[in-house]
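# Inside the fold
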Amino acid sequence: MALVSLLDVSLSFGGAPLLDRVNLQIDRGERVCLVGRNGAGKSTLMKVINGELNPDTGQVFRQPGALFSTLRQEVPSGLAGTVRSVVEGASGSYDEHNDWERHDRVERLLESMGLPAEAEFASLSAGQKRRVLLAQGLASDPQLLLLDEPTNHLDLESILWLEEFLLEWGGALLFVTHDRAFLRRISSRIVEVDRGRLIGWACDYDTFLVRKEAVLEAEEVERAQFDKKLAQEEVWIRRGVKAQRSRANNRIHALDKMRAERAARRDRSGKATLTAQEADRSGFKVITCEDAGFRYGERWIVRGLTTRIERGDKIGIVGPNGAGKTTLLRLLLGQLKPQTGSVEQGTQLEIVYFDQLRAQLDENMRVQDAVADGNSTVTINGRNRHVISYLEDFLFEPGRARTPVRALSGGERNRLLLARLFTKPANVLVLDEPTNDLDAETLELLEDLLVEFGGTVLLVSHDRAFLNEVCTSLLVFEGDGRVADYTGGYDDWQKERAARAAAETAAAARKLLADTKASAAPAAAKARKLTNKERAELETLPAKIEVLEKEQSALTAQLADPAFFRQAGPAVGQATTRLAEIERQLAAVYERWTELGG
């Protein structure tokens, strides 16, 4: 029996229905990703499935006794207490629910998720709070977990951990995400929300993109043919009916039907048009750091950073939450002075800053006023445009442009902030987590804009696909204030990091072999007589060493291949773990070889 089934479900909030006679079934073990544009109704559909919203028409069937749990986009305000109390609070008291196993389940979740049980929830970072809320959702042992943008505010390490956790968890998932790498790895099925309909796609995400484009092209051709025929029939009816009555009546009825079909048609909204205004070119050297350092108290945020950012560079800044990425940005832009070394900014810099917390938006202002500071027009590339027309480029309809900012969704707020920023000429764009909540189409447009932008880009992001598409190099926090410089995007960084780790492993093995040989000579002088069993064991050791070193070489080559990091499943983690295990086994074999006088 399905965990949940929707039968001819419809729901609207006054306008065109968000859900229009939709059908959906989710079975145990499925991992279903909802895709669609911002505002298409993905979050609404999840609320209908979870019973938080009742449909206007249709039926929702849930498996009796099945528990559903939801992880929201935003952290609820007012949550207080220790991490343990927040996690336990998901399901009420043990007696109330007669769930005597829940205490053990909570303890296992706290341990497996690496959560500080006695820490105050309010003191945690945004990423840690998301982990706590996920643990809270899992504490009731749900059969279906609903995740709305689960990677928001998580750093790369946490995202990779979440992927592994969900793949091993085994329960059913329904999730919405803007993170295309996460989608590619986790989803087993894609369901698209498009103009009130649900369309199932039994394929991977990249195949979905190709097939979807073909469907839209076919739809465009079909609609053009329909509109042409409708126009011809309208001309015929205006000229007056001259055919036989029965034939004319049939044609009139067919025309009425075509008119009704055209009136009911829901056209796909256009794509956003993102255009950044480029200021006059900056100097060739944009930012130069020489042995730069900055710390708070005894804690180094940045130490010994030497790098040069030149005009046209697209620099990604990557690191764990709390590592100091925003501090590094302020240091690079001259908002903070280095405590050691130097940071110099180049000439003629015109900087525009995108804030991940959207602090630049006044919640009480209308959307159009937030963009134009109350003016009716904005100047874009030397030409005055009405603010309503400009906002339509960012998919804000006139009515939406007159609503207050506080009524906007997360994705709409990000689009609004981009619209506001792009009214200002710039030759340096600073973007702090710009991808949160944006739909895939807008993300791809933003990628194209940044790639084609002639100025310099400083980008903080945990979106692996975005980093791959945009960045020419990365500044990566590696602990204790060290910030390393890597050429290329995310995959290039992983390739170089794996190559470095493999080289370090090989060097350690060579050192161990050298040390073993050095100690073998004096040991041989004192060698005792071996038993027959020990002599037999000694003869097998060279073959064991050869097998382990061959596997070590193969894994090292595999981890140096960027294509390996794009494959689905936990293979990357397994390969890294196995490489470390081989190093331990080699050490043990060499030690035994020394003991036996090899």
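First, a word on what this report is: a plain description of the structure on this page.

Calculation criteria
- Each residue is numbered by its place in its chain's sequence as written, counting from 1.
- Given that the model is predicted, a residue must reach a pLDDT of at least 70 before its local features are reported, and side-chain atom pairs must reach 80 or more before they are shown or counted; all residues, however, enter totals for whole chains, interfaces and linings.
- Calculated side-chain values reflect all of the structure's heavy atoms, with hydrogen atoms and water omitted.
- Every helix listed is a DSSP run of H or I at least four residues long, and every strand listed is a run of E at least two residues long, numbered separately from the N terminus.
- Contacts were defined at the residue level, with two residues in contact if any of their heavy atoms lie within 4.5 Å.
- Only protein chains enter the calculation, and the probe is 1.4 Å; a residue is then buried if its accessible area is under 20% of its type maximum, exposed if over 50%, and partly exposed in between.
- Note on definitions: salt bridges are taken to be side-chain nitrogens of Lys or Arg within 4 Å of carboxyl oxygens of Asp or Glu.
- In this text, buried Ala, Val, Leu, Ile, Met, Phe, Trp, Tyr and Cys residues form a nonpolar core when linked through side-chain atoms within 4.5 Å.

On to the side chain of R415. Tracing the backbone shows R415 in helix 14 (residues 410-421). Setting aside residues no more than four positions away along its own chain, R415 makes contact with N38, F394, L395, F396, L438 and T442.

With respect to the element layout, T288 can be found in strand 10 (residues 285-296). In this structure T288 comes out as buried when scored by relative accessible area, which is 17%. Setting aside anything within four residues of it in sequence, one finds T288 in contact with T307, R308, S342, V343 and E344.

To continue, consider the pattern of salt bridges. Enumeration according to the criterion identifies 34 salt bridges in this entry. The shortest N-O distance in the salt bridge between E537 and R592 comes to 3.0 Å. Taken together, the residues span a long stretch of sequence, with E537 in helix 18 (residues 532-559) and R592 in helix 20 (residues 571-595) at a distance of 55 residues. Here the salt bridges share partners, and the residues they tie into one network are E192, D194, R195, R197, K212 and E219.

Here we take up the nonpolar core. In terms of nonpolar packing, the biggest core is built from 50 residues, with L391, L416, F422 and L450 touching the most fellow members. In terms of residue count, the dominant contributor to this core is helix 14 (five residues). With residues up to four places along the chain from it excluded, the contact list for L391 reads V367, Q368, V371, F396, A401, L416 and A419. By size, the runner-up hydrophobic cluster in this structure holds 38 residues, among which are V35, L71, L124 and L138.

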